[in-house]
Amino acid sequence: MSTAPWPIEIVRGDAADLRAVNAIMGEAFEPRYGEAWTPSQCLGMLALPGAWLTLARVDERVAGFALARAVLDESELLLLATCPTLRRRGIGGVLLRSVIADARIRGATMMHLEVRANNDAVALYQGEGFRKIGERRDYYRGNDGKLFDAHTFSKMLD
């Protein structure tokens, strides 16, 4: 449920929205964890069949985004971020539920994601029914060379 005092508009994004996406990544993903994608990585993913970008807008401003893909009956949440100044107001949950609904429409029966082990978003994913199914030791390499584990989560989309 949204706790924002304004409506959150969910819209389909495309390559033209990558400037806003990259601005949010620059604010939301701390460089020390090495999680942000480059603009060319995002553009390359969007060019693949089954990939889609979802934007959350608040007062006509992009406040968050999610990048996902579906192949056959499985889907993957690749990236999800909200503007740090707008966190804990329901935007991430609205985005996540929208991506799950889109994956179902695309025929997916399962969604996977990976997240840094100490990321606050773990609570969001668990709250939406994702369960930890695996771990990748030392998956993320921060700018300072420090390594961080990634946890793999999945959710049945029935």
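Below, the structure is looked at part by part. The structure displayed is predicted, hence computed values, not measured ones. (Residues numbered from 1 in each chain as written. Predicted model: local features only at pLDDT ≥ 70, side-chain atom pairs only at ≥ 80, totals over all residues. Heavy atoms only, no water.)

Quick look at the packing of helix 1 (residues 18-28) against helix 2 (residues 39-46)
Piece 1. Contact pair helix 1 / helix 2: the axes reach a minimum separation of 10 Å and the direction vectors enclose 130°. One finds that helix 1 runs oblique with respect to helix 2. Considering only the axes of helix 1 and helix 2, their crossing is right-handed. Here L18, N22 and M25 of helix 1 lie close against helix 2, whose contacting residues are P39, C42, L43 and L46.
Piece 2. By residue class, the composition of the contact of helix 1 with helix 2 is six nonpolar, one polar and no charged. (Axes fitted to C-alpha atoms, helices over the stretch in contact; angles between N-to-C directions. Helix = DSSP H or I, 4+ residues; strand = E, 2+ residues; numbered from the N terminus. Parallel < 35°, antiparallel > 145°, perpendicular 65-115°, else oblique. Left-handed = near helix turned anticlockwise from the far one by under 90°. Contact = heavy atoms within 4.5 Å. Nonpolar A, V, L, I, M, F, W, Y, C, P; charged D, E, K, R; others polar.)

Regarding the state of the cysteines
Piece 1. Evaluated as defined, the whole model comprises zero disulfides.
Piece 2. C42 forms no disulfide, and the closest cysteine sulfur to it belongs to C83, at a distance of 15 Å.
Piece 3. On the basis of relative accessible area, C42 is assigned to the buried category, the value being 2%.
Piece 4. Accessibility expressed as a relative area gives 2% for C83, which makes it buried. (Disulfide = S-S within 2.5 Å. Buried < 20%, exposed > 50% of the residue type's maximum accessible area, 1.4 Å probe, protein only.)

Topic: the sheet that holds strand 2 (residues 51-58)
Piece 1. Strand order in the open sheet made by the seven strands is 1-2-3-4-5-7-6, with mixed pairing throughout. Two strands bound the open sheet, and with one partner strand each, they are strand 1 (9-13) and strand 6 (131-141). Strand after strand, the sheet turns through a mean of 25° between neighbouring axes, direction not considered.
Piece 2. Alignment of strand 4 (residues 74-82) against strand 5 (residues 110-116), held across four bridges, turns out to be parallel. Counted as the bridge partner of S75 is M111 from strand 5.
Piece 3. Where helix 2 meets the sheet, its contacts fall on strand 2, strand 3 (61-71) and strand 4, and the angle it forms with strand 2 comes to roughly 115°. (Pairing = 2+ DSSP bridges.)

Distances and angles like these do not, on their own, reveal function.
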